[in-house]
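Breakdown of the fold
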Amino acid sequence: MDLAISSAIETVSAVGGLSPQRMVEIYRLMYLSRCLDDREILLKRQQKIFFQISAAGHEALQVGAALALRPGVDWFFPYYRDRALCLGLGVPPADMMLQAVGAATDPASGGRQMPTHWSSIPLNIVSTSSSTSTQLLHAVGCAEAGRYFSRHPEAARKAAGDYRAFRDVKYQGDEVVFTSLGEGSTSQGEFWEALNTASNRKLPVIFCVEDNGYAISTPVEVNTPGGNISKLVANFPNFYFAEVDGTDPVASLRAFEAAAAHCRAGKGPAFVHGHCFRAYSHSLSDDDRLYRSAAEREADGLRDPLTKMQMRLLREGILTEEQINDLEQRAEREAAEAAEHALQAPLPAVEGIEQHVYSEDLDPTSAAFASEQAEAAGSHPGKSTSAQGSGAHTMADLINACLHDEMRRDPRMVVYGEDVADASREAALAEVKGKGGVFKLTAGLQTEFGSERVFNSPLCEANIVGRAVGYGVRGMKPVVEIQFFDYIWPAMHQIHNELALMRWRSHGVWAAPAVIRVPIGGYLTGGSIYHSQSGESIFTHIPGLRVVFPSNALDANGLLRTAIRCDDPVLFLEHKRLYRETHGRAPYPGPEFAIPFGKAKIVRPGKDITLVTYGALVPRALQAAERAQREHGIETELIDLRTLSPYDWEAIATSVRKTSRVIVAHEDMLSWGYGAEIAARIGEELFDDLDAPVKRIGAMDTFVAYQPILEDAILPQPETILKALVELKAY
Ligand SMILES: Cc1ncc(C[n+]2csc(CCOP(=O)(O)OP(=O)(O)O)c2C)c(N)n1
Ligand SMILES: [Mg+2]
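Remember, predicted model here, so these are calculated numbers, not experimental data. Per chain, residue numbering runs from 1 following the sequence as it is written. The naming scheme follows written order: chains are lettered A onward, ligands numbered 1 onward. Totals for whole chains, interfaces and linings use all residues, but because this is a predicted model, local features are given only for residues with pLDDT of at least 70 and pairs of side-chain atoms are given and counted only at 80 or more. Note that water and hydrogens are dropped before the side-chain values are worked out from all heavy atoms of the structure.

**Description of the site of ligand 1**
If even one non-hydrogen atom of a residue comes within 4 Å of a molecule or strand, that residue is called near it. Around ligand 1, the surrounding shell holds 17 residues, and the nearest of these are Tyr 79, Tyr 80, Arg 81, Ser 185 and Tyr 214. The definition of a polar contact used here is a pair of N or O atoms within 3.5 Å, where within protein one atom must be able to donate a hydrogen and the other to accept one, and adjacent residues in sequence count solely through side-chain atom pairs. Here an oxygen atom of ligand 1 sits 2.7 Å away from a polar atom, N or O, in the side chain of Tyr 79. Ser 130 places a polar main-chain atom, nitrogen or oxygen, 2.8 Å from a nitrogen atom of ligand 1. Polar here means any residue outside two lists: the nonpolar Ala, Val, Leu, Ile, Met, Phe, Trp, Tyr, Cys and Pro, and the charged Asp, Glu, Lys and Arg; Gly therefore counts as polar. A breakdown of the residues in the shell around ligand 1 according to their chemical character gives 5 nonpolar, 10 polar and 2 charged.

**Comments concerning the sheet that holds strand S13 (residues 570-575)**
Pairing between strands requires that DSSP locate at least two bridges from one strand to the other. A run of DSSP states H or I qualifies as a helix once it reaches four residues; a run of E qualifies as a strand once it reaches two. Both are numbered from the N-terminal end. The strand order across the open sheet formed by 7 strands is S9-S8-S10-S11-S13-S12-S17, and the pairing between neighbours is mixed. Edge positions in the sheet fall to strand S9 (454-456) and strand S17 (643-645), since each of these pairs with one other strand and no more. Across the sheet, the mean angle from the axis of one strand to that of its neighbour is 20°, orientation sign disregarded. Judged from the 3 bridges that link them, strand S10 (residues 477-481) and strand S11 (residues 515-520) form a sheet pairing that is parallel. Along S11, the bridge assignment pairs Val 479 with Val 515. Here an angle of 0 to 180 degrees is reported between the N-to-C directions of two axes, which are lines fitted to C-alpha atoms, with helices fitted over the stretch in contact.

**Observations concerning the environment of Asp 568**
Assignment of secondary structure puts Asp 568 in the loop between helix H20 (553-565) and S13. Considering only alpha carbons, one finds Asp 568 and Gly 544, 24 residues apart in sequence, at a separation of 7.4 Å. In this structure the side chain of Asp 568 is engaged in a polar contact, spanning 2.7 Å, whose partner is the backbone nitrogen of Ser 359. Here the side chain of Asp 568 touches Arg 546 through a polar contact of 3.0 Å, side chain to side chain.

**With respect to the coordination of the magnesium ion (ligand 2)**
Donor atoms from the polypeptide that bind the magnesium ion (ligand 2) are Glu 183 (OE), Asn 212 (OD1) and Tyr 214 (O), placed at 2.1 to 2.2 Å. Any N, O or S atom lying within 2.8 Å of the metal counts as a donor, with the limit raised to 3.2 Å for Na, K and Ca; because water is left out of the atom set, some sites can appear incomplete. Of note, the magnesium ion (ligand 2) draws all its donor residues from one chain, in the sequence arrangement E-x28-N-x1-Y. Each member of the pair, Asn 212 as well as Tyr 214, is classed as buried. The rule is simple: take the accessible area with a 1.4 Å probe, protein chains only, and divide by the maximum for that residue type; under 20% is buried, over 50% is exposed, in between is partly exposed.

**A short note on the confidence of the model for the chain**
Put simply, the chain has an average pLDDT of 95, and 96% of its residues get 70 or more. The secondary structure element of the chain with the lowest average pLDDT is helix H1 (residues 3-10), at 40, and the one with the highest is strand S3 (residues 205-211), at 99. Within the model, pLDDT remains below 50 along residues 1-13, and this stretch shows 20 contacts once partners closer than five positions in the same chain are excluded. The pLDDT value expresses, per residue, how confident the predictor is, ranging between 0 and 100. Contacts between residues were defined by any pair of non-hydrogen atoms, one from each residue, lying within 4.5 Å.

**Notes on the packing of helix H12 (residues 305-315) against helix H13 (residues 321-343)**
One way to put it is that H12 packs onto H13 with a least axis distance of 10 Å and a crossing angle of 140°. Classified by the interaxial angle, the pair formed by H12 and H13 is oblique. For the crossing formed where H12 meets H13, the hand is right-handed. Note on element contacts: H13 touches H12 through Glu 321, Ile 324 and Glu 328, opposite Gln 310, Leu 313 and Leu 314. When its residues are assigned to classes, the contact of H12 with H13 shows 3 nonpolar, 1 polar and 2 charged. In what follows, roughly perpendicular refers to angles from 65 to 115 degrees, roughly parallel to angles under 35, roughly antiparallel to angles over 145, and oblique to any angle outside these ranges. Each crossing is labelled by how the near helix is turned from the far one, with a counterclockwise turn of less than a right angle marking it left-handed and a clockwise turn marking it right-handed.

**As for the pattern of salt bridges**
Throughout this description, the term salt bridge denotes a Lys or Arg side-chain nitrogen within 4 Å of a carboxyl oxygen of Asp or Glu. Here the structure, examined in full by the defined rule, presents 51 salt bridges. The residue Asp 300 makes a salt bridge to Arg 292 at a minimum N-O spacing of 2.6 Å. Each member of the pair, Asp 300 together with Arg 292, is buried. Overlapping salt bridges bring together Asp 162, Arg 164, Asp 405, Glu 406, Arg 409, Asp 410, Arg 561, Arg 565 and Glu 592 as one network.

**A closer look at unusual backbone geometry**
Look at the link from Ser 645 to Pro 646: it is a cis peptide, with omega at 5°. Its place among the elements puts Pro 646 in the loop between S17 and helix H22 (649-659). Even without glycine at this site, Asn 238 takes up a positive phi of about 75°. When you line up the elements, Asn 238 lands in the loop between helix H9 (229-233) and strand S6 (240-245). Positive phi outside glycine occurs at Ser 660, with the angle close to 65°. Its place among the elements puts Ser 660 in the loop between H22 and strand S18 (662-669).

**A word on the side chain of Asp 37**
Along the chain, Asp 37 falls in helix H2 (residues 20-45). Asp 37 gets classed as buried once you look at its relative accessible area, which sits at 0%. Within the structure, Asp 37 has its side chain in polar contact with the backbone nitrogen of Ala 55 (distance 2.9 Å). In contact with Asp 37, not counting residues within four places along its chain, are Gln 52, Ile 53, Ser 54, Ala 55, Ala 56 and Arg 83.

**Notes on the packing of H2 against helix H5 (residues 93-101)**
Close contact between H2 and H5 brings their axes to 11 Å; oriented N to C, the two are set at 25°. It follows from the interaxial angle that H2 and H5 lie roughly parallel. In terms of crossing hand, the pair formed by H2 and H5 is right-handed. Contact with H2, carried on its side by Leu 32, Leu 36, Arg 39, Glu 40 and Leu 43, involves Pro 93, Met 96, Met 97 and Ala 100 of H5 and no other residues of that element.

**Describing the side chain of Gln 717**
By secondary structure assignment, the location of Gln 717 is in the loop between helix H24 (708-714) and helix H25 (718-730). In this structure Gln 717 comes out as buried when scored by relative accessible area, which is 16%. Setting aside chain neighbours within four positions, we find Gln 717 in contact with Tyr 523, Glu 711 and Asp 712.

**Quick look at the nonpolar core**
The term nonpolar core refers to a set of buried residues drawn from Ala, Val, Leu, Ile, Met, Phe, Trp, Tyr and Cys, joined through side-chain atoms within 4.5 Å. Among the nonpolar cores identified, the biggest contains 81 residues, and Phe 207, Phe 539 and Ile 682 are the most heavily contacted of them. Considering every element that reaches this core, the biggest residue donor is helix H6 (residues 134-151), with 9 residues. Once residues lying within four places of it in the same chain are set aside, the contact partners of Ile 682 are Trp 649, Ile 652, Val 656, Val 662, Val 664, Phe 687, Leu 690 and Val 694. Counting residues in each nonpolar core, the second largest holds 66 residues, with Leu 36, Ala 259, Val 272 and Ala 339 among its members.

**A short note on the packing of aromatic side chains**
Only the six-membered ring of Trp is used, alongside the rings of Phe and Tyr, when aromatic pairs are assigned; centres must lie within 6.5 Å, and planes under 30 degrees apart are stacked while those over 60 apart are edge-to-face, with the rest tilted. One pass over the full model with this rule turns up 26 aromatic pairs. Plain terms: the ring middles of Tyr 416 and Phe 455 are 5.2 Å apart, the flat faces sit at 5° to each other, and that makes the pair stacked. Of the two residues, Tyr 416 is situated in strand S8 (residues 413-417) and Phe 455 in strand S9; the sequence distance between them amounts to 39 residues. You'll find Tyr 416 and Phe 455 in the same group, each marked buried.

**Side note on the environment of Tyr 588**
Secondary-structure assignment places Tyr 588 in the loop between S13 and strand S14 (601-604). The spatial distance from the C-alpha of Tyr 588 to the C-alpha of Ala 60 is 61 Å, given a sequence separation of 528 residues. Among the polar contacts listed, one links the side chain of Tyr 588 to the side chain of Asp 405, at a separation of 2.8 Å.

**Notes on the pairing of S10**
Within S10, 5 of the 5 residues are buried, which leaves the element mostly enclosed by the surrounding structure. Residues of S10 alternate between two faces, with Lys 477, Val 479 and Glu 481 on one and Pro 478 and Val 480 on the opposite face, all of them buried. Both S8 and S10 contribute to a ladder of 5 bridges, which runs parallel. Among the inter-strand pairings, Tyr 416 is bridged to a residue of S10, identified as Val 480.

Pasting the structure below:
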């Protein structure tokens with residue numbers, strides 16, 4: 001601000017409790033935001049940028065929020081319209097323009113994300129996606145993590161030997177978490193899921209609904225029964241509610257101040273519903289004249305917060321017309337200079353595309369995790385369901401043991417999911433044994449580590465994974481459970497678009513290295529469709545996600561330890577049928593036993609045929625291989641992949657070069673299954689080594705039926721594998 005303006009201000013008294021300087025600053029931010037939008041629109045028309053979506057009409061509400069909160073202390077999960085909010089928090093206009101042109105130096109995403117997809121480490125603005133409402137659950141998890149660190153400061157300490165060496169933690173006792181969305185996005189389940197947990201756990205989250213009356217072309221009454229979201233949410237306990245004129249920055253600021261005070265006092269979350277309007281179409285790819293009447297658009301124009309604020313400054317004698325002109329010209333110049341600067345910026349190099357898919361700090365395939373040597377350790381630390389001291393523990397036992405070990409070692413680790421606690425009503429623990437998961441894999445964890453670290457989630461898979469993203473970006477280690485693989489689909493959006501993508505889309509700035517444990521698979525005799533599904537290839541098709549699928553107790557223990565200690569998100573698939581099988585039991589290997597990812601195991605050496613598999617097909621393939629040898633003299637080399645992404649191509653290639661014949665077998669359906677990729681790569685890279693076509697084995701292309709006769713026919717059996725071995729040898 002120049003001297004002429006500030007001296008004029010000093011003669012004017014405070015307005016509505018706000019100093020004249022504050023009023024001018026509000027207008028400056030609002031106007032600068034509009035200038036940046038207009039400048040981007042110009043650049044888009046000149047084809048110098050590739051997308052534009054604006055904050056026009058929302059500026060007053062957003063500036064009110066920015067000025068009520070503390071950048072770098074509070075946390076922010078904004079949405080794509082929040083330019084004025086981010087300006088108010090301190091994101092420089094130049095950075096906004098760098099993202100618009102897709103520059104290498106765009107600090108939010110390195111040219112990977114559309115404009116207005118925010119991210120800033122110093123300002124605590126966590127990387128925004130385009131998916132509507134996913135960010136609300138991240139905000140909830142973030143608030144839980146902040147509260148956890150303020151109660152357990154020792155957990156924030158760095159530690160060598162795992163992800164903590166690279167995950168800095170910052171927290172402040174009275175921080176609040178801000179998250180925003182449009183009114184249309186309140187239709188998403190994740191909106192209600194976030195309110196549920198924020199309310200239940202009295203979390204300091206401010207939900208800001210920016211209600212502009214439209215979701216692209218869909219008016220509010222289509223999304224919101226009765227047309228007013230405030231009325232629908234009014235009965236959630238523990239909330240502070242405010243409904244404000246979002247074109248009035250002072251009213252908005254006051255609402256956010258009250259909301260923040262409620263949150264900081266530990267009373268619970270807040271819900272600020274601001275009525276604003278869309279000054280332009282949804283984005284530059286939309287034309288609102290196609291679905292809004294001229295009268296409606298004209299009436300909205302009268303509510304423009306910029307015009308209203310300008311009139312107010314004049315009316316209240318805060319600025320003269322000349323001073324307003326001066327302020328506006330400065331903002332226009334600032335926007336133009338930011339654009340000019342961005343247009344000169346270097347563009348990203350194509351060589352860098354694969355950077356930040358996974359952690360560059362900690363490689364889970366590396367020797368750092370190669371403590372394959374099991375100790376001759378004493379009794380296992382968990383709740384054993386097989387005989388303690390028998391020396392042969394089940395997979396279920398050794399997973400449970402690993403969870404106990406790692407919770408002891410790492411105070412940042414929390415475990416939650418459906419029914420994973422021993423008993424949510426803690427008082428009952430004095431007289432009951434405890435549930436500890438429907439398969440008892442988390443048994444005893446709540447009893448040993450307390451309800452703050454081990455707790456039941458609502459029955460809601462997206463809630464589980466979405467919160468894990470929020471925990472993860474704060475540097476915690478959520479190890480969550482999805483009760484059955486068959487019910488992972490509500491969380492798919494969070495896994496695919498958020499959890500696995502966080503690091504890449506933010507150009508390595510943010511990451512959420514959570515572990516999702518999932519019981520999977522069939523051969524259950526009566527498991528039927530909804531307790532027997534496979535489908536791992538759908539997840540190995542997601543860059544950024546590690547996928548692990550052990551076949552025995554020892555591997556499960558060592559691989560889970562690596563999953564928990566590593567710096568990437570991991571999908572840890574546990575075959576239900578293998579949980580308590582006699583096959584593959586092992587002694588407890590001690591609390592440091594780890595197995596690196598991407599290292600297959602030769603279960604049985606052989607010279608005639610390579611058989612590549614994993615999971616529950618490992619014991620079945622072993623049976624088939626032994627019969628093939630006994631009955632047909634065929635020497636099968638059986639490879640257990642153990643991890644599916646990454647996978648051990650070298651082990652496959654070395655074996656195929658030796659045997660020249662290969663079968664890839666899995667329990668999941670044949671078509672588009674995991675084996676298709678392996679078979680294709682063998683065909684492409686090892687064609688000259690082959691003496692026969694690559695053979696695949698998988699389930700029939702149906703779901704798994706209830707009646708055991710049908711289940712047996714649908715899933716591959718040892719006989720199926722034996723037949724294939726004999727046929728391939730004879731080829
Ligand atoms: C999950 C998801 N579905 C669809 C879209 C496409 N989309 C982008 S913005 C939008 C409308 C959002 O409207 P609203 O929540 O009211 O926010 P506004 O843009 O009006 O501020 C839609 C459907 C998306 N980004 N994410
Ligand atoms: Mg809207």
